[in-house]
Structure formats: C-alpha cells, structure tokens
Amino acid sequence: MTAPYDPHALRARATLWRKGTSYEEFSPGRVFVHHWGRTITEADNTIFVTLTLHYNPRYFNREYARAEGHPDIVVCPMLVFNTAFGLSVQDLSEAGGMFLGIEDLTFHAPVYPGHTLTATSEVLDCRESKSDERHGIVTWHTKGFNQHKVLVVDFKRTNLVRKERFR
C-alpha cells in the first residue's frame, strides 16, 4: 500500500483540470462575475500594512481613523486592489501569460474590516500579439464591490493570454 503523502501516488490519482481561459474565449463586451468573494478581516489588514510598510495610522489605529470620521480602521486601499485583482485571476489569467500592466486604478469608497469584496470584469479589447504567435493580448476592466454592491475599486489590466492550440 502506498502512503497518502507519496507524490507519485497522488499524481497518479489526480484528475487534471484545465486552468484559466484561452485567448479565443475572450471577446469585447464579455462579462465575468468572479465567483468567490473575500471577507477582509482586521488581521488581513494589519499583516498587509505591516509587511508592505503602509504606516498610515488610519490603517491600524482605530481612534485615529475615528478622529478622521471613519467608523473603524480603514482597510489599506492596496489590499483592496490586490483582493479584487486576485478574485479575477482564476477566470482571466490563470492559463498563463505575462502580466502587462494596470491603468486607471481608482479607489471609490473606503473598505472596513468585515466587508466582503466581490469583483466583475468586462473584456475591453483583444488583439493578436505581434511578437509572440502563442499569445494574444487582452485588456479587462475589473470592478470591486463591497457587500452592499457599492463600487470600491476599479482598474484596467492587460495580459498576454495563451492561445488554445499552445496550451
């Protein structure tokens, strides 16, 4: 009998799942509703601001944030952005391809510990890569919302996306 932690046995029993979406599956106007959602905790925010040196007191000092008119500490906007971005990866870029950048990043409303973020993305543009026949270039507009459906962040991002025949 093989031990359950034997990597060869695990690989032999594994079911391979196709990951991500190929270039041919994207078309301008297609909307993805990213299915997971993520509740941001105070601990998430604390460790994020500590590890990234975001030492603005509104992100970790409750009384300071309240003195500024907030009901609680404010979740660091870069954590909000990273969370919305992360929610989109499985649908948009998990198949692989180089990340080409972010444009028009806008923070619309503060997020507080306990808020649950969800995200949607719309395909804005698809074009062939002139330098790499294995990939196309896709641009999406991603929007992040809190649990009350209030827009909290949006941005455009562009990636190389692998073509189906090269997967």
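## Topic: the packing of aromatic side chains
Tallying each qualifying case throughout the model produces seven aromatic pairs. Measuring from centroid to centroid gives 5.9 Å for Phe81 and Phe85, while their planes differ by 75°, and the two rings are edge-to-face. Of this pair, Phe81 and Phe85 both sit in helix 4 (residues 77–92), four residues apart, roughly one helical turn. Assessed through its relative accessible area of 9%, Phe81 is described here as buried. For the ring pair Phe85 and Phe99, a centre distance of 5.7 Å and an interplane angle of 70° mean the geometry is edge-to-face. Residue Phe85 is found in helix 4, and its partner Phe99 is found in strand 2 (residues 99–107); the two are separated by 14 residues along the sequence. A residue is classified by how much of its surface remains accessible, and Phe85, at 18% relative accessible area, is buried.

## A look at the pattern of salt bridges
Under the definition given, this model contains nine salt bridges. With its nearest N and O atoms 2.8 Å apart, the salt bridge here joins Glu68 to Arg58. Taken together, the residues span a long stretch of sequence, with Glu68 in the loop between helix 3 (62–67) and helix 4 and Arg58 in the loop between helix 2 (42–51) and helix 3 at a distance of 10 residues. Here Asp125 ties to Arg127 by a salt bridge, and the two come within 2.8 Å at their closest N and O atoms. Judged by relative accessible area, which is 31%, Asp125 ranks as partly exposed. With a relative accessible area of 39%, Arg127 lands in the partly exposed category. Here the salt bridges share partners, and the residues they tie into one network are Glu42, Arg62 and Asp72.

Each value, and the rule that gives it
Residues numbered from 1 in each chain as written. Predicted model: local features only at pLDDT ≥ 70, side-chain atom pairs only at ≥ 80, totals over all residues. Heavy atoms only, no water. Phe/Tyr/Trp six-rings, centres within 6.5 Å; stacked < 30°, edge-to-face > 60°. Helix = DSSP H or I, 4+ residues; strand = E, 2+ residues; numbered from the N terminus. Buried < 20%, exposed > 50% of the residue type's maximum accessible area, 1.4 Å probe, protein only. Salt bridge = Lys/Arg side-chain N within 4 Å of Asp/Glu carboxyl O.

Nothing here speaks to function; it is all geometry.
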